[in-house]
Amino acid sequence: MKRFEGSICLVTGAAKGIGAAIAARFASEGATVLIAGLHLDTAQNMAAEIGHGAVGYEVDVSESSAVIRLFDRVIKEHGVPDVVVNNAGIASDHPSVDLPDEVWQRELDVNLSGTFFGAREAARRLIEAGKTGVIVNISSIAGFRVVSPERHVGYDATKAAISQMTKVLAYEWAPQGIRVNAVGPGYTDTDILKEIARTSPEIVDEWLAKTPYGRLLQPSEIAAVVCFLASDDASAITGQTVMADGGYSL
C-alpha cells in the first residue's frame, strides 16, 4: 500500500524502538519521513537505515522553543507535515515514596509536555496553512490499568493524561479538519525489553501471563495501528485511544 504517497510525516522519538518502526512503516507507504530524536547522530543514522528519503532532526521535546524551532526548520525544508506522531517518551522504575523530584518532573516534561508541544505546534501550522491533518499520540497500557512488577508512577500518570488530552484536542480541532488519536501499546519487543528478558526473565514471564496473546508484541504491529489511524481509512475516528496490547487491558 502507498497510502501516504506525497505526504510529510514527522515522528518524534523515532531513532529506535517503536518510533523507528513507525517511521519505517510510513516510509514504506510512500511518505517523506522526518525523524526527530534527542541526538542528531542517532536520528540521522536511523534515517539512513530507513532510506526512502528519510531525514533526521534533533529535538528535545520537553522544551517548547526547541519544538518550535524543529517545526520552523521542517516547514522551511519540506513544508507543513500532514501527519505528526508524538512518540518521544521516557520511564524510570522507582518506588513512589522514593521517587526523586527531578525524575518526576523530567517524565512530566518529556512525556506530557513534549506531546502537547508537538500536538500544539502541528495544529498551529496546519491551521495557519489552511490544511487538514492528523496527529497521533502514544499513550500506553500503563495509562489505563496498574502494571506490575514495574513501578513508574510518573510514566503511568503522563500516559493517562495523554489519552485525556487527546480527547480534548480532538474535540477542539475537529472543526479545522484535524484528527487527533492515540495508541496504547502493550509490552513490545524493543531493545529495553530484550535487556529485561536477559537479566530478569521472571519479569517478562509475569507480563506474558497477564497478556491473552501470551507473547510480546512487535514494534511493527504498533506501527501498523499508528499508520491506520493516520490514514484516510480512519477518517471517522478522532479522540480515541486504540489499545494495541495483545488483550492485556482486558
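As a starting point, this report considers the structure included with it.

Parameters and conventions
Residues numbered from 1 in each chain as written. Predicted model: local features only at pLDDT ≥ 70, side-chain atom pairs only at ≥ 80, totals over all residues. Heavy atoms only, no water. Helix = DSSP H or I, 4+ residues; strand = E, 2+ residues; numbered from the N terminus. Rg over C-alpha atoms; globule rule 2.2 N^0.38 Å. Buried < 20%, exposed > 50% of the residue type's maximum accessible area, 1.4 Å probe, protein only. Contact = heavy atoms within 4.5 Å. Areas by Shrake-Rupley, 256 points an atom, 1.4 Å probe, with all protein chains shown as cover. Pairing = 2+ DSSP bridges. Right-handed = clockwise from strand over helix to strand, strands pointing away. Core = buried A, V, L, I, M, F, W, Y, C linked by side-chain atoms within 4.5 Å. Phe/Tyr/Trp six-rings, centres within 6.5 Å; stacked < 30°, edge-to-face > 60°. Salt bridge = Lys/Arg side-chain N within 4 Å of Asp/Glu carboxyl O. Expected span 1.5 Å × (residues − 1). Arc of directions from axis to C-beta. 1 Å grid on protein atoms, 1.4 Å probe; cavity = no way out; pocket = protein on both sides within 12 Å on 5 of 7 lines; lining within 4 Å. Points joined across faces, edges and corners; volume = space filled by probe spheres on them.

Quick look at the overall build of the protein now. Looking only at helices and strands, one finds eight helices and seven strands in the protein. Compactness check: the protein gives a C-alpha radius of gyration of 17 Å against a globular reference of 18 Å for 250 residues, within 12% of the reference. Reported as C-alpha extents along the three principal axes, the dimensions of the protein are approximately 50 × 40 × 40 Å. Counting over 250 residues, the protein shows a buried share of 51%. Contacts in the protein between residues at least 24 apart in sequence constitute 70% of all its contacts with a sequence separation of at least 6. For the protein, the computed accessible surface area is about 11300 Å², with 54% contributed by carbon and sulfur atoms.

Counting buried positions over the five residues of strand β1 (residues 8-12) gives five, a clear majority of the element. Taking every second residue as pointing to the same face, both faces of β1 are buried, with I8, L10 and T12 on one and C9 and V11 on the other. For β1 and strand β2 (residues 32-37), the ladder comprises five bridges, and the chain directions are parallel. Across the sheet, the residue bridging to T12 is A36, located in β2. Handedness of the β-α-β unit built from β1, helix α1 (residues 17-28) and β2 comes out right-handed. Inspection of the sheet shows β1 paired to strand β4 (residues 83-86) by three bridges, in the parallel sense. Across the sheet, the residue bridging to V11 is V85, located in β4.

What follows covers the nonpolar core. By size, the foremost hydrophobic cluster in this structure holds 34 residues, and its most contacted members are I22, F26, I35 and V85. Among the elements of the structure, β1, α1, β2, α2 (40-50), β4, β5 (133-138) and α8 (219-230) are those that each provide at least two residues to this core. It is α1 that provides the largest number of residues to this core, a total of seven residues. Beyond its immediate chain neighbours, meaning those up to four positions away, V85 contacts L10, V11, T12, I22, F26, V136, I138 and V226. In terms of nonpolar packing, the next biggest core, distinct from the first, is built from 28 residues, V80, A123, A170 and W173 among them.

Applying the stated rule across the entire model yields four aromatic pairs. Ring plane angle 70° and centroid distance 4.8 Å describe the contact between F4 and F26, whose orientation is recorded as edge-to-face. A residue pair is termed long-range when its members are at least 10 positions apart, and F4 in the segment before β1 and F26 in helix α1 qualify at 22 residues. Each of the two residues, F4 as well as F26, counts as buried. Within the aromatic cluster, the residues linked to one another by ring pairs are Y187, W207 and Y248.

The tally for this structure, following the rule as stated, stands at 14 salt bridges. With a closest N to O distance of 3.5 Å, D93 and R151 form a salt bridge. Here R151 lies in the loop between β5 and α5 (153-173) and D93 lies in the loop between β4 and α4 (101-129), a separation of 58 residues in the sequence. With relative accessibility at 44%, the residue R151 sits in the partly exposed group. Look at the salt bridges and you will find they share partners, linking R3, R25, E29 and D233 into a network.

Its 14 residues place the ends of helix α3 (residues 64-77) 20 Å apart at the C-alpha level, agreeing with the 20 Å of an ideal helix rising 1.5 Å per residue. Turning to α3, its buried residues number three or more, namely A66, V67, L70, F71 and V74. Summarising the axial view, the buried residues of α3 lie within an arc of 135°, below the 170-degree limit, and thus occupy one face. The inward-facing, buried residues of α3 contact β1, β2, β3 (55-58), β4 and α4. Backbone geometry just after α3 places G79 at a positive phi near 105°.

With that settled, consider empty space enclosed by the protein. Any empty space left between the atoms is revealed when a probe the size of a water molecule rolls over them. Overall, the coordinates contain two cavities of 30 Å³ or more when judged by the stated rule. Looking at the largest cavity, its volume works out to about 40 Å³. L10, T12, V59, V61, V67, L70, F71, V84, N86, G114 and G118 together form the lining of the largest cavity. Secondary-structure elements contributing two or more residues to the lining of the largest cavity are β1, α3, β4 and α4. Among the elements that make up the lining of the largest cavity, the one with the highest residue count is α3 (three residues).

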